[in-house]
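Per-entry structural report
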Amino acid sequence: MNPSFDEAAQLAAQLLARRWLPRNHSLVRRALIDQDIWQRLNERLAAVGMRVVDNLYADHITLAMLRPAEVAVFGETGLAANNNLDLPRDGVALLVVLWSLIVLPKRQRQLARAEAAEEGQGEMFATDKPLPLAASVSPTVSYRSLLADFGNQLGKKMRLDTNLKLLERNGFIIRRNEDIAEGPLLDLLLDYDTLAPRILDGALGDVLARSTDPVAAAAIARLREPEQEHIEDSEEI
C-alpha cells in the first residue's frame, strides 16, 4: 500500500466524496478505537480546512469546515447568513421543527436506556446497551400530522413539500411514504446542547407539546416537566 494513502487518507477521501459515513463502516470503526488513525485523519482534514463531526448519539459521522476556512470560503457576508446550504427561512424553520420532533424524543429514549443499563451493571447478564443505535429509537413524524400542525406557519403544502425535498437532498431527513425519519445529518449538524434548551424553554416548546404527533408531543411534554415544576415553585413563592 502507498504509505501516503493509508487508512486515515482513505477515510478522509471517502468522507469528502460521500459527505457522511455510518459509524459501523469498517474504516470508521477502526478510527473510533485507534487514536493514531483518528489523529492522522483530523490532521489530513485540517490541512484542507475541514474537521470530523462525530456524535455518540448519531449513527453517522460527517465533515464540517473549520472557522478559518468558513471565513475564507463564505466571507463575512456568508457567515452572517442563517445557513450556508441556501435553505430559505421557512426551510430552516421546518428543519428546526423536525429536529425537535425527532431528535428530542430520540435523545430521551437513548438516555433512558443508558440509565437503565447503568442501574443494571451489577447483573451478570445485563442485556440493555448503554447507547442503542439511533435508528432503533428514533421516531418518525407523520407527514399528515406535520402538515396539520405546522402547515400554515411553514408556507402551506406547496412550500412544505418543496422544503422537505431540500432537507432530504441535504441528508437531514429520509422520506418513507407518509413518514419522515431521521437522516444521517439531522443529529450531527445541529448542536443539541445549544438548541434543546432554547426550544424547551421557549414558545416553540409550548407549540410542539400540543402537536398531534403522539410520540413527539408526549416526549417533549416530559422533557419540559422540570421547567414547569420550576415555574410552579416560583409562583408559589
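The paragraphs below set out a description of the structure included in this document. The structure presented is a predicted model; accordingly, all values stated were derived computationally and were not measured. (Residues numbered from 1 in each chain as written. Predicted model: local features only at pLDDT ≥ 70, side-chain atom pairs only at ≥ 80, totals over all residues. Heavy atoms only, no water.)

Concerning the packing of helix α1 (residues 7–18) against helix α2 (residues 26–33)
- Where α1 contacts α2, the two axes come as close as 10 Å, and the packing angle between them is 125°. With respect to their mutual orientation, α1 and α2 come out oblique. For the pair α1 and α2, the crossing hand works out as left-handed. Of the residues in α2, those touching α1 at E7, Q10, L11 and Q14 are L27, V28, R30 and A31. (Axes fitted to C-alpha atoms, helices over the stretch in contact; angles between N-to-C directions. Helix = DSSP H or I, 4+ residues; strand = E, 2+ residues; numbered from the N terminus. Parallel < 35°, antiparallel > 145°, perpendicular 65-115°, else oblique. Left-handed = near helix turned anticlockwise from the far one by under 90°. Contact = heavy atoms within 4.5 Å.)

Observations concerning the sheet that holds strand β4 (residues 141–142)
- In space, the 3 strands of this open sheet follow the order β4-β6-β5, with antiparallel pairing throughout. The two strands at the open ends of the sheet, each matched to only one other strand, are β4 and β5 (173–176).
- Sheet topology note: the β4/strand β6 (residues 179–182) ladder contains 2 bridges and is antiparallel. Looking across to β6, one finds that V141 is bridged to I180. (Pairing = 2+ DSSP bridges.)

Some points on the packing of α2 against helix α3 (residues 35–46)
- It is at 5 Å that the axes of α2 and α3 come closest, and there the two elements cross at 105°. Classified by the angle their axes make, α2 and α3 are roughly perpendicular. Judged by residue contacts, R30, A31, L32 and I33 of α2 engage Q35, I37 and W38 from α3.
- Residues of the contact of α2 with α3, tallied by class, amount to 5 nonpolar, 1 polar and 1 charged. (Nonpolar A, V, L, I, M, F, W, Y, C, P; charged D, E, K, R; others polar.)

Regarding the pairing of strand β2 (residues 50–54)
- The pairing of β2 with strand β3 (residues 60–65) spans 5 bridges and is classified as antiparallel. Counterpart to V53 in the pairing with β3 is T62.
- Taking the residues that link successive antiparallel strands as the turn, the β2-β3 hairpin has 5 residues.

Digging into helix α9 (residues 192–200)
- Taken together, the buried positions of α9 are occupied by Y192, L195, A196, I199 and L200. End-on, the buried residues of α9 take up no more than an arc of 115°, which puts them together on one face. Seen from the open side of α9, the exposed residues pointing more than 90 degrees away from its buried face are D193 and R198. (Buried < 20%, exposed > 50% of the residue type's maximum accessible area, 1.4 Å probe, protein only. Arc of directions from axis to C-beta.)

Comments concerning the side chain of N163
- Turning to its location among the elements, N163 is positioned in helix α8 (residues 156–169).
- Those residues in contact with N163 that sit more than four places away from it in its chain are P88, D90, G91 and L94.

Quick look at unusual backbone geometry
- Positive phi, close to 80°, is recorded for R19, a residue that is not glycine.
- Overall, the relative accessible area of 35% leaves R19 in the partly exposed class.
- Positive phi, normally seen in glycine, also occurs at N177, with a value near 55°.
- With respect to the helices, strands and loops of the structure, N177 is situated in the loop between β5 and β6.

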